[in-house]
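Summary of structural features
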Amino acid sequence: MNPVIVTDPPRADLDQVTRLAGYGVATVHEALGRSGLLSAGLRPIQDGARVGGTAVTALCWPGDNLMIHAAVEQCREGDLLVVTTTSPCRDGLFGELFATALRRRGVRGLVTTTGVRDVAELRALGFPVWSAAVSAQGTVKATAGAVNVPVVAGGQLVRPGDAVLADDDGVLCVRREDVRSGLGKAQARLEKEAAARDAFANGQLGLDRYGLREKLGALGVRYLTAEEYAKEQA
């Protein structure tokens, strides 16, 4: 790993990222062809938060949060900090003091493949966090890593400046080049979902709306009465 801090990565348009986050992770994920979703193991420590920001990345060594300190300096209004490590680590690399510093800089939240601590305080601060674990295990500040380089977090490539969206459904990375087109696709998906919602509220079944009866038949699924089924099983 090349120890480096990149100070000026290109960022997605923040207004567009904010608008995209408003559609929600599930809708945007579907709209973009089911791409970009980080591991389901990254869970929110709070309920109801929905944020979107431009990624600042920090690549740390396990049990070492030195590069988070370096990353804080590179964060600005509208960013979202993404932290991962060179090998799996669930130690509590992040806590209340980091959140206090990041809030002062206008950072919208944290996504980390590591653990976090001070959960009650983070909730009280209203600083949104998605993490792989909660752990009071302490850390050191001893080993050089990198800031604002492409990282793999939750199985997805996250580049500095990409859009990162997070809510109760999970975390999604949208390439900065795809944010503008994503807005149109997400709006179309929202309208499609609204039409389906109205149809279901009026009694239509998904089997009919989506042509799934024909698919069931093509897959060899038969409808049997209980008596017919019992005879076949005898």
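Residues numbered from 1 in each chain as written. Predicted model: local features only at pLDDT ≥ 70, side-chain atom pairs only at ≥ 80, totals over all residues. Heavy atoms only, no water.

A closer look at helix H4 (residues 96-104)
Selection rule: Throughout this description, buried means an accessible area under 20% of the type-specific maximum (1.4 Å probe, protein chains only), exposed means over 50%, and partly exposed covers the range between. The secondary structure listing takes helices from DSSP runs of H or I that are at least 4 residues long and strands from runs of E that are at least 2 residues long, numbered from the N terminus. The directions considered for the arc are those from the helix axis to the C-beta atoms.
Inspection of H4 places Phe 98, Ala 99 and Leu 102 among the buried residues, and these make up the whole buried set. Along H4, the residues classed as buried sweep out an arc of 100 degrees about the axis, all on the same side. In this structure, H4 carries Leu 97 and Arg 104 as exposed residues pointing more than 90 degrees from its buried face. Following H4 by one or two positions, Gly 106 adopts a phi angle in the positive range, close to 80 degrees.

Let's talk about the pairing of strand S3 (residues 51-60)
What counts, and what does not: Should DSSP find at least two bridges between two strands, the strands are regarded as paired. By the criterion used throughout, a crossover qualifies as right-handed when its path from the first strand across the helix to the second strand runs clockwise, the strands pointing away from the viewer.
The element S3 is largely enclosed, with a buried count of 10 among its 10 residues. Of the pairings in the sheet, the one linking S3 to strand S11 (residues 163-167) comprises 4 bridges and is antiparallel in character. Paired with Gly 53 across the two strands is Val 164, which belongs to S11. Crossover S3 to strand S4 (residues 79-85) through helix H3 (residues 66-74) is right-handed. Note: S3 against strand S8 (residues 146-147), 2 bridges, orientation antiparallel. Counterpart to Leu 59 in the pairing with S8 is Ala 146.

Description of the environment of Arg 105
Inclusion rule: In this analysis, two residues are considered to be in contact whenever any of their non-hydrogen atoms come within 4.5 Å of each other. We call two N or O atoms a polar contact when they sit within 3.5 Å, provided that within protein one can donate a hydrogen and the other can accept it, with sequence-adjacent residues counted only if both atoms are side-chain atoms.
Position of Arg 105 among the secondary structure elements: in the loop between H4 and strand S6 (110-116). Taking the C-alpha atoms as reference points, Arg 105 and Glu 77, 28 residues apart in sequence, are found 5.9 Å from one another. Residues within four places of Arg 105 in sequence aside, it is in contact with Val 72, Glu 73, Cys 75, Arg 76 and Glu 77. A distance of 2.9 Å separates a polar side-chain atom of Arg 105 from the backbone oxygen of Glu 73.

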